[in-house]
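# Architecture at a glance
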Amino acid sequence: MRMTSSTIRTRWSPERDTATPQSRRAVKAAAAVAAGALALSLSACGSSDNDSSGSTGDTTTSANNVTLPKLDGTSLEIAAVWTGTEQANFKKVLQEFEKRTGAKVTFVPAQDPIINFIGSKVAGGQPPDIVMLPQPGAIKQAVDKGWAKQLGSDAVKELGENYSQGWQDIGKVNGKPYGVYYKAANKSLIWYNNQVFENAGASEPETWPDLLNTAQTVFDSGVTPFSIGAAEGWTLTDWFENVYLSQAGPEKYDQLAKHEIKWTDPSVKDALTTLAQVWGKPDWIAGGANGALQTDFPASVTQVFTGGDQPKAAMVAAGDFAQVNIPSGMKIGTDAKVFPFPAVGDQGPVVSGGDAAVILEDSKGSQALATWLASPDAASIQAKLGGYLSPNKNVPNSDYPNAVQQKIAKALIDAGDDFRFDMSDQAPQAFGGTPGKGEWKILQDFLKNPKDVAGTQAKLEAEAAAAYGN
């Protein structure tokens, strides 16, 4: 998944395996611990003294915990796919860097697939100094093509002081540091309209059968249960990954992520069959399958929290970053609430995603900017603005603007290395990260025809085999 079109993912395959054993271990009991921590942390989210995140106010102050050089006269470019509030808030982080160093930083809007965007910039001789890459597989590609440059000692020092080993390892290729994971995502969440739940007499579900019962209760009250932004295929991979991780378990998850088992495996059949229990009920999805396929991610969130007590849908499966798309009039923790993605198997899933800063043009300025993004000072600025989650363990939890986000952030940090990175982000981009192709397109087709489990598996396997080369 991506967060605004992005979240925490990484791809591993025999030829593309770049992570160390620590970052790709099975997290057996760890998944259970992290899921339990998340469930516990969110159980008290019914109250918040703060409004919705997504403010673009002038909150740019932060502690001075990182040493940066003077860069007067230096001009830098940084590219990312972020738009709207997410982009505006990130620019405030860049403005503080400018203030401290004297450098001038220009934000370059990128398009998906970002690796193709960067390729065109490199071919034209004008690559940005730094690019924010949302997939570990994309980092590996950038290294293989000779585009990415290693992080210097200052950035590595910041990483060592501020990040768990697992987050450091995800940014490595062949054991060498290339990526600073500036932004993270908790993708195992479902946001809901509390007024709709109260009117229906619905409760937060803990298991998949509970979720189906809750959906039926909401439907019986006259409101469509689910909003799905299926115009962006990554939202569907997030659904699949949460179901698969919980149902098949972390070892199978890792194997499928590396294509060590085929997509025709019975475990994939089970997950698709489970998904069809929701996707196969068009009355449960806002606009039905066709409507969902015309709904982008921001709209999928917004339509849950507009329309008073008769919104287009009651809930949406979305990461913590969905907060930036919740209307400002809806109070987080009171009007807009969240629960962990329900357990399909023995334990609830914990799927993460993220965006890493990768240097393309090595210089004193670009190394300083990467160092800045690895610091708690930078992350704290965006944390205060809301709609953002950092894997940086030294960001004060109190910097997050509401109780809900504080608890989500604490759960991520407390999990340490015990998380699973978004599976589609771990895959070669041709399979797991390209609009209209690979897994994104096949799951969109499956949403339209959720009875075709076997055919969907066969298509997924054919595309995966071609992308992974095995």
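Nothing here was measured: the structure is a model prediction, and the numbers come from that model.

### Things to note about the overall build of the protein chain
The helix and strand tally for the protein chain stands at 20 helices and 12 strands. Sequence-distant contacts in the protein chain: of pairs separated by 6 or more residues, those separated by 24 or more amount to 81%. For the protein chain, the accessible surface area stands at approximately 16,100 Å², while carbon and sulfur atoms represent 46% of it.

### Describing the sheet that holds strand β7 (residues 189-193)
The strand order across the open sheet formed by 4 strands is β8-β9-β7-β10, and the pairing between neighbours is mixed. Looking along the sheet, the strands with just one partner apiece sit at the ends: β8 (226-227) and β10 (336-340). Across 5 bridges, β7 lies against β10 in antiparallel orientation. Of the residues in β10, the one forming a bridge with Leu189 is Pro340.

### Focus on helix α19 (residues 438-448)
For an α-helix, the turn length of 3.6 residues means that residues three or four places apart are oriented alike. Burial of α19 is extensive: 8 of the 11 residues sit out of reach of the surface. Those residues of α19 not exposed but buried are Gly438, Glu439, Trp440, Ile442, Leu443, Gln444, Phe446 and Leu447. Against the buried residues of α19 lie α10 (234-248), α12 (266-279), α13 (288-292), α18 (429-432) and α20 (453-468).

### Quick word on the side chain of Gln168
Looking at where Gln168 falls in the secondary structure, it is placed in helix α7 (residues 165-170). Setting aside anything within four residues of it in sequence, one finds Gln168 in contact with Leu159, Gly160 and Tyr163.

### Section: the packing of α10 against α12
Remark: α10 packs on α12, axes separated minimally by 9 Å, with the N-to-C direction vectors making an angle of 125 degrees. With respect to each other, α10 and α12 are oriented oblique. For the crossing formed where α10 meets α12, the hand is right-handed. Of α12, the residues touching α10 (which contributes Leu236, Trp239, Phe240, Val243, Tyr244, Gln247 and Ala248) are Ser267, Val268, Asp270, Ala271, Leu272, Thr274, Leu275, Val278 and Trp279. Residue composition of the contact of α10 with α12, by class: 12 nonpolar, 3 polar and 1 charged.

### Things to note about the pairing of strand β11 (residues 351-359)
Of all 9 residues in β11, 9 are buried; the element is thus mostly enclosed. What you see with β11 is no split at all: Val351, Gly353, Asp355, Ala357 and Ile359 on one side and Ser352, Gly354, Ala356 and Val358 on the other are buried throughout. Sheet analysis places strand β3 (residues 130-133) next to β11, joined by 4 bridges and oriented antiparallel. Residue pairing for β11: Val131 is matched across the bridge by Val358. Summarising the sheet, strand β6 (residues 179-186) and β11 pair through 7 bridges and their orientation is antiparallel. Opposite Ala184, over in β11, you have Gly354 as the bridge partner. Note: β11 against strand β12 (residues 420-421), 2 bridges, orientation parallel. Across the sheet, residue Ser352 finds its bridge partner in β12, namely Phe421.

### Description of empty space enclosed by the protein
Per the counting criterion, the structure on display carries 3 cavities of 30 Å³ or more. For the largest cavity, the calculated volume is near 90 Å³. Together, 13 residues line the largest cavity, and Lys187, Thr235, Asp238, Ala317 and Ala318 are the ones closest to its centre. The leading source of residues in the lining of the largest cavity is α10, at 5 residues. Per-class residue counts for the lining of the largest cavity are 8 nonpolar, 3 polar and 2 charged.

### Thoughts on the confidence of the model for the protein chain
Of the residues in the protein chain, 87% have a pLDDT of 70 or more, and the chain-wide mean is 87. Taken as a whole, residues 1-60 scores under 50 in pLDDT and shows 234 contacts with residues more than four places along the chain or in a different chain.

### Regarding the pairing of β7
Burial analysis of β7 places 5 of its 5 residues in the buried class, which makes it a mostly covered element. With burial as the criterion, each face of β7 is covered, one bearing Leu189, Trp191 and Asn193 and the other bearing Ile190 and Tyr192. As paired elements, β7 and strand β9 (residues 315-317) share 3 bridges and run antiparallel to each other. Bridged to Tyr192 within β9 is Met315.

### Comments concerning the pattern of salt bridges
With the rule as written, the count across this model stands at 14 salt bridges. Across the pair Lys258 and Glu260 runs a salt bridge, and its minimum N-O distance is 3.6 Å. On the basis of relative accessibility, which here comes to 13%, the residue Lys258 falls in the buried class. When its relative accessible area of 48% is taken as the criterion, Glu260 is described as partly exposed. A salt bridge links Lys441 to Asp445; its shortest N-O distance comes to 2.9 Å. On the criterion of helical spacing, the pair formed by Lys441 and Asp445 is a turn pair, its members being 4 residues apart in helix α19.

### Description of the nonpolar core
By size, the foremost hydrophobic cluster in this structure holds 89 residues, and its most contacted members are Ile78, Phe97, Trp191, Leu369, Trp372 and Leu373. Counting contributing residues, this core receives three or more from each of domain 1 (2-185 + 352-414) and domain 2 (189-349 + 427-468). Sequence-distant contacts of Leu373, that is, excluding residues within four places in its chain, are made with Ile78, Phe90, Val93, Met132, Tyr163, Val180, Tyr182, Ala357 and Ala378. With 56 residues, the next largest nonpolar core counts Val223, Ala230, Leu245 and Leu272 among its residues.

### Some points on the environment of Val304
One can find Val304 in the loop between α14 (297-302) and β9. With a relative accessible area of 0%, Val304 lands in the buried category. It is 6.9 Å that separates the C-alpha atoms of Val304 and Ser227, two residues lying 77 residues apart in sequence. Not counting chain neighbours up to four residues away, the residues in contact with Val304 comprise Tyr192, Asn193, Ser227, Pro311, Ala313, Ala314, Met315 and Val316.

### Let's talk about the packing of aromatic side chains
In total, this model carries 23 aromatic pairs according to the counting rule given. Taken together through their ring pairs, the aromatic side chains of Trp208, Phe226, Trp239, Trp279, Trp284, Phe341 and Phe446 make up a single cluster. Directly above the aromatic system of Trp284 lies the positively charged group of Lys281, at a separation of 4.1 Å from the ring centroid.

Rules and cut-offs
Numbering of residues starts from 1 in every chain and runs along the sequence as written. Only residues with pLDDT of 70 or above have their local features reported here, since the model is predicted, and side-chain atom pairs are shown and tallied only from 80 upward, although totals for entire chains, interfaces and linings are computed over all residues. Hydrogen atoms and water are omitted, and side-chain values are computed over all heavy atoms in the structure. The helix and strand labels rest on DSSP assignments: H or I over at least four residues marks a helix, E over at least two residues marks a strand, and numbering proceeds from the N terminus. Whether two residues are in contact is decided by their heavy atoms: any pair within 4.5 Å suffices. Shrake-Rupley sampling with a 1.4 Å probe provides the accessible areas, and residues are treated as covered by the protein chains on show and by no other component. Strands qualify as paired when DSSP identifies two bridges or more between them. Under the scheme applied here, a residue whose accessible area is under 20% of the maximum for its type counts as buried, over 50% as exposed, and between as partly exposed, the area being computed with a 1.4 Å probe on protein chains only. Lines fitted to C-alpha atoms define the axes, with helix axes restricted to the stretch in contact, and inter-axis angles between N-to-C directions lie between 0 and 180 degrees. Angles are sorted into four bins: roughly parallel if under 35 degrees, roughly antiparallel if over 145, roughly perpendicular if 65 to 115, and oblique for all others. Should the near helix be turned anticlockwise from the far one by less than a right angle, the crossing is left-handed, and should it be turned clockwise, the crossing is right-handed. Note on residue classes: Ala, Val, Leu, Ile, Met, Phe, Trp, Tyr, Cys and Pro are nonpolar, Asp, Glu, Lys and Arg are charged, and everything else, Gly too, is polar. Within this scheme a cavity is a closed region of a 1 Å grid, computed over the protein atoms alone, that accommodates a 1.4 Å probe without allowing it to escape, whereas a pocket is open but has protein on both sides within 12 Å along at least five of seven lines; lining residues each have an atom within 4 Å of a point. Grid points are joined across faces, edges and corners, and a volume is the space filled by probe spheres set on the points. pLDDT: the predictor's confidence for each residue, scored from 0 to 100. Salt bridge, as used here: a side-chain nitrogen of Lys or Arg that lies within 4 Å of a carboxyl oxygen of Asp or Glu. What we call a nonpolar core is a set of buried Ala, Val, Leu, Ile, Met, Phe, Trp, Tyr and Cys residues that are connected through their side-chain atoms within 4.5 Å. Residue ranges assigned to each domain were obtained from an automatic or database domain assignment. For Phe, Tyr and Trp, rings pair up if their centres lie within 6.5 Å, where Trp contributes its six-membered ring, and each pair is then called stacked (planes under 30 degrees apart), edge-to-face (over 60) or tilted (otherwise). The criterion for a charge sitting over a ring is simple: Lys NZ or Arg CZ within 6 Å of the ring centre, and within 35 degrees of the ring normal.

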